Amino acid sequence: MSDTLVASPRAPLPPMPARRRRNWLKIVATLLLFVLLLLLPIITGTGVAYLKVAQYVLIGAVGGIGLTLLVGQAGQLSLAHPFFLLVGAVSYAVIAGDPEESDDLVGLGLPPLVAVIGAVVICGLIGLAFAPVAGRLRGIYLGVASLSLVFLGLWLGQSLEMFTGGTSTGRTPPTFELFGFPFSNADPSPTLFGVAIEKEQRLWYLFLALAFIAYFLARGAVNSRVGRSWRAVRDNEAAATAMGVDVRRVKAGAFVVSSAFAGLAGVMTALWLDLVKPDENEFTGTYSLAVSIAYLAIVIIGGLGSVPGAVVGSIVVYGLEKFFRLGATEFGWFAEAEFGGINAVVLSAFIYGAAVVLVVLFEPGGAAAIGRRLAARMRRPAAVASVPNGRPTPERNDDDPPA
Amino acid sequence: METFVQLVVNGLGKGAVYALLALGFVVIFKATEVVNFAHGSLVLVGGYLVYALKDSMGWIGAAVVGIVSAALAGLVLERLLAGARNADHNGLALLTIGVDVIITEEIVRRIGADIPFIGDPYDSQPIQIAGLTIFRTQSIALVVGAVLITAFFLAFRFSSWGVAMRAQAENREAAALMGIRSSRVTATAWLVAGALAGVAVLFMATQDFSGAGLGRGTHAIALIAFPAAILGGLDSTAGAVVGGLVVGLTEALSAQYISFEFSKSAVFLVMLLVLVIRPSGLFGTKELSRV
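With that settled, consider the overall build of chain B. Each helix and strand in chain B was counted, giving eleven helices and two strands. Listing each helix as α and each strand as β along chain B from the N terminus yields α-α-α-α-β-β-α-α-α-α-α-α-α. Taken over the C-alpha trace, chain B has a radius of gyration of 19 Å; the compact-globule value for 291 residues is 19 Å, and the two agree within 12%. Referenced to the eigenvectors of the C-alpha coordinate spread, the extents of chain B come out at roughly 60 × 45 × 35 Å. A burial count over chain B gives 55% of its 291 residues as buried. Put simply, 74% of the contacts in chain B that link residues at least 6 apart link residues at least 24 apart. When the 18 positive and 18 negative side-chain charges of chain B are each reduced to one mean point, those points stand 9 Å apart.

Looking only at helices and strands, chain A has 17 helices and four strands in total. Residue pairs at least 24 apart in sequence account for 71% of intrachain contacts in chain A once pairs closer than 6 positions are excluded. In the structure as shown, chain A presents an accessible area of about 18,200 Å², 67% of it carried by carbon and sulfur atoms.

This next bit is on helix α6 (residues 139-159) of chain A. The terminal C-alpha atoms of α6(A), which comprises 21 residues, lie 31 Å apart, in line with the 30 Å expected from a rise of 1.5 Å per residue. In terms of burial, α6(A) is largely enclosed, as 17 of its 21 residues are buried.

Moving on, we get to the packing of aromatic side chains. Residue and element names in this part refer to chain A. As enumerated under the stated definition, the model contains 22 aromatic pairs over all chains in all. Plain terms: the ring middles of F212 and F216 are 6.0 Å apart, the flat faces sit at 10° to each other, and that makes the pair stacked. Of this pair, F212 and F216 both sit in helix α9 (residues 199-223), separated by four residues, roughly a single helical turn. The class of F212 is partly exposed, set by a relative accessible area of 26%.

This part covers the pattern of salt bridges. Per the stated rule, a full pass over the model turns up 15 salt bridges over all chains. With a closest N to O distance of 3.0 Å, A:E237 and A:K251 form a salt bridge. Within this pair, whereas A:E237 is found in helix α11 (residues 237-242), its partner A:K251 is found in helix α12 (residues 247-273), the two being separated by 14 residues in sequence. When the shortest N-O distance is used, the salt bridge between B:R109 and B:E106 registers 2.9 Å. Of this pair, B:R109 and B:E106 both sit in helix α4 (residues 89-111), separated by three residues, roughly a single helical turn.

This paragraph deals with a nonpolar patch on the surface. Residues and elements named next belong to chain A. A cluster of nonpolar side chains, contributed by L33, F34, V35, L36, L38, L39, I43, L192 and F193, occupies part of the molecular surface with about 820 Å² of accessible area. A per-element tally of the nonpolar patch places helix α2 (residues 16-44) first, with seven residues. One can find F193 in the loop between β3 (191-192) and β4 (195-196). Judged by relative accessible area, which is 68%, F193 ranks as exposed.

Let's shift gears to the confidence of the model for chain A. All names here are of chain A. A residue-level look at chain A finds 86% of positions with pLDDT of 70 or above and a mean pLDDT of 83. In this model residues 1-8 is a low-confidence stretch, pLDDT under 50, and it forms 14 contacts with partners more than four residues away in sequence or in other chains. With pLDDT under 50 throughout, residues 384-397 is counted as low confidence; its partners more than four residues away or in other chains account for 20 contacts.

The next thing to look at is the packing of helix α5 (residues 136-158) of chain B against helix α8 (residues 182-204) of chain B. Residue and element names in this part refer to chain B. Across the interface, α5 lies against α8 with an axial gap of 10 Å and an inter-helix angle of 165°. Relative to α8, the element α5 lies roughly antiparallel. The two elements α5 and α8 cross, and the hand of that crossing is right-handed. Residue-level inspection shows T137, I140, A141, V144, L148 and F152 of α5 in contact with α8, the latter providing V192, L196, V199 and F203. Split by residue class, the contact of α5 with α8 holds nine nonpolar, one polar and no charged.

Looking now at the interface of chain A and chain B. Listed by partner, the interface residues are 41 residues for chain A and 48 residues for chain B. Taking both sides of the interface into account, the surface hidden between chain A and chain B amounts to around 3,800 Å²; carbon and sulfur atoms contribute 79%. The tally of links from chain A across to chain B stands at one salt bridge. In this structure, A:E282 and B:K264 form a salt bridge, with 3.1 Å as the shortest nitrogen-oxygen distance. Inspection of the region where chain A meets chain B yields six residue pairs in polar contact (both at pLDDT 80 or more). Counting only elements with at least two residues in the side of chain A that touches chain B, the list comes to α5 (112-136), α6, α13 (289-302) and α15 (344-362) of chain A. Take the side of chain A that touches chain B: its biggest share by element is eleven residues, from α15(A). Partitioned by chemical class, the residues of the side of chain A that touches chain B number 32 nonpolar, six polar and three charged.

Before going further, it helps to spend a moment on the layout of surface pockets. A volume near 1,200 Å³ is recorded for the second largest pocket. Around the second largest pocket, the lining comprises 49 residues; the ones closest to its centre are A:F283, B:S210, B:A212, B:G217 and B:K264. Counting residues per element, the ones that place at least two in the lining of the second largest pocket are α6 and α15 of chain A together with α1 (2-32), α4, α9 (216-232), α10 (237-257) and α11 (262-277) of chain B. The element that contributes the greatest number of residues to the lining of the second largest pocket is α1(B), accounting for seven residues.

All names here are of chain A. Along the chain, the position of K52 falls in helix α3 (residues 49-73). Between the alpha carbons of K52 and M162 there is a distance of 29 Å; along the sequence they are 110 residues apart. Residues in contact with K52, not counting those within four places in the same chain, are E200 and W272.

Quick look at empty space enclosed by the protein now. For the structure shown, the criterion picks out two cavities of 30 Å³ or more. Here the largest cavity is characterised by a volume of approximately 80 Å³. Lining the largest cavity are A:P82, A:F83, A:L86, A:V150, A:G153, A:L154, A:P278, A:D279, A:N281, A:E282, A:Y287 and A:S288. Looking at the lining of the largest cavity, the elements that each hand over two or more residues are α4 (81-96) and α6 of chain A. Taken together, the residues that form the lining of the largest cavity break down as seven nonpolar, three polar and two charged. As for the second largest cavity, its lining consists of A:L79, A:L147, A:L289, A:S292, A:I293, B:F37, B:L223 and B:F226. Breaking the lining of the second largest cavity down by element, the ones donating at least two residues are α13 of chain A together with α9 of chain B. The biggest single contributor to the lining of the second largest cavity is α13(A), with three residues.

Definitions and limits used
- Residues numbered from 1 in each chain as written.
- Chains lettered and ligands numbered in written order.
- Predicted model: local features only at pLDDT ≥ 70, side-chain atom pairs only at ≥ 80, totals over all residues.
- Heavy atoms only, no water.
- Helix = DSSP H or I, 4+ residues; strand = E, 2+ residues; numbered from the N terminus.
- Rg over C-alpha atoms; globule rule 2.2 N^0.38 Å.
- Buried < 20%, exposed > 50% of the residue type's maximum accessible area, 1.4 Å probe, protein only.
- Contact = heavy atoms within 4.5 Å.
- Lys, Arg positive; Asp, Glu negative; His and termini not counted.
- Charge placed at Lys NZ, Arg CZ, Asp CG, Glu CD.
- Areas by Shrake-Rupley, 256 points an atom, 1.4 Å probe, with all protein chains shown as cover.
- Expected span 1.5 Å × (residues − 1).
- Phe/Tyr/Trp six-rings, centres within 6.5 Å; stacked < 30°, edge-to-face > 60°.
- Salt bridge = Lys/Arg side-chain N within 4 Å of Asp/Glu carboxyl O.
- Patch = residues over 30% accessible without salt bridge, like charges linked within 9 Å, V, L, I, M, F, W, Y side chains within 5 Å.
- pLDDT = per-residue confidence, 0-100.
- Axes fitted to C-alpha atoms, helices over the stretch in contact; angles between N-to-C directions.
- Parallel < 35°, antiparallel > 145°, perpendicular 65-115°, else oblique.
- Left-handed = near helix turned anticlockwise from the far one by under 90°.
- Nonpolar A, V, L, I, M, F, W, Y, C, P; charged D, E, K, R; others polar.
- Buried area = accessible area lost by both parts, 1.4 Å probe.
- Polar contact = N/O pair within 3.5 Å; in protein donor to acceptor, adjacent residues only side chain to side chain.
- 1 Å grid on protein atoms, 1.4 Å probe; cavity = no way out; pocket = protein on both sides within 12 Å on 5 of 7 lines; lining within 4 Å.
- Points joined across faces, edges and corners; volume = space filled by probe spheres on them.

Right under this line is the structure:
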């Protein structure tokens, strides 16, 4: 919005050479990061523990991106993310499941790629079905209403055992395959720089591809007409209507998109755990209230509405927890903690809880705002120094790329 | 019929506890427009102190300390929120989420493997009246809830604190210009809400109420009070009481007649139904938007 409608006073552009050098820096940094991500399985070597942590961060990133679009861009509070994770995971297992595997379980036996797409579509449709409720409610009322989906998911997951496998055993999701290439251990498996590309390495590349698709789709949505209509509705529904935005449709659309992202994250969760199992209670587990809160924390820490921020948030919330757990098993951290001590889960909860508090107290824009501020400081130190708070354009909270 | 009467009485007892929690949400929301996601951790603070102290200083002393500390925890939270000067009330609600994560993890860690029941004087001692079996916990909760809620409404209606509180909820600036100390009103609102949570937990972590001791489950029960507050309307104190009773009854009746697993979903479905018909809850102020 701000770009097209508000002509904000800006400092004059710096001379060209500096600008060109900055672009080069940016391109080189992006390339380096990309190569690093591609080579991660080689860097971590044959042990897959670190790779599992990195995979988990990507799951959180995909889900977090979906939630940040809904909460940050479209301004609709939702706590229903774990429900869509569950639906995505179960849909994948059902659509791709082998019909002959068990008499008690429903499986359609379709190709896994179809199952992934199907799971995402199903989640989107359920998001659409919730839209009439979402369209009527606002703020905290919507947040608590969406909480009902988590409880509904808990109950459905426990009672529909032919789909979910029940709380005691669950069911094993079928191996992902792409045009005959299985994402499982194979003999012989190809090697890359001496590291065998086995199941976890293959899953890493799959997750990386899915995360990139999710990331760029979300960036595209944010920077296009869709994102502008989301922000218009978020900022003022009446004004958005006056400008020709169909508020109900836009709100429903945001819910659909966010649910679809969560569904994809759900499929990834199923593949990561190699298990689809509904939770036994509403407060601990893979699809529980704790996950609702964790996803909100991801979005808050990253900065509401920021797509790259959601990735950072996922590193803080999801990455740290798995990393501490890894430390506990590999290096014996928290060994003296036993039950009731500071263990991996407790420590990571302390850190992300504190991060949420600090973000709200000192930088409501989250990691995204910190990043913007750093970038601005590198760009034009003099101009920034003259502006109070170092925020040259405070109205730009909408994750547009820097002009 | 007998089962039904039994269920209604026990359901109302649960409802009274939900009403205490919901009233806390509403009082805080009215005074500050902040939705307190950390209500569950206020509950845990009170419950933990009762658990830790009841052996050394007796149950009654521990209960008093628990209630007072839950109230003080509310006050501490209020001070923290007051320090966040550049956050609006939505940001503050997010801040309470962060606080909640920390306090909950810490207390659950301290409780460890115990998962203690803390309703010693009344837990698991059902009363038999005229062929009905009524849980003692629920009946005491109903009486205590009724007394506290009546006291609250009397204070809200007649005391100078109540008048100041209602004035501030109506119009913050005008109230300040009339000489009402906004910070004092806000602080007492958090104190009251914390104390109510401290009372509620005495009944929540019992065999009769939830069948589970103090722990993560207790924290989750506090989230069920959210639908109670929302259902009645977040800015209506009477709505909180009605919402609490509706939630208690729905949970008790659906657990008996449909299934225990379904009972929590039933609470949320009833809330959804109410919200679809009345988006601001039963007694909530309708949001008007002027263009």
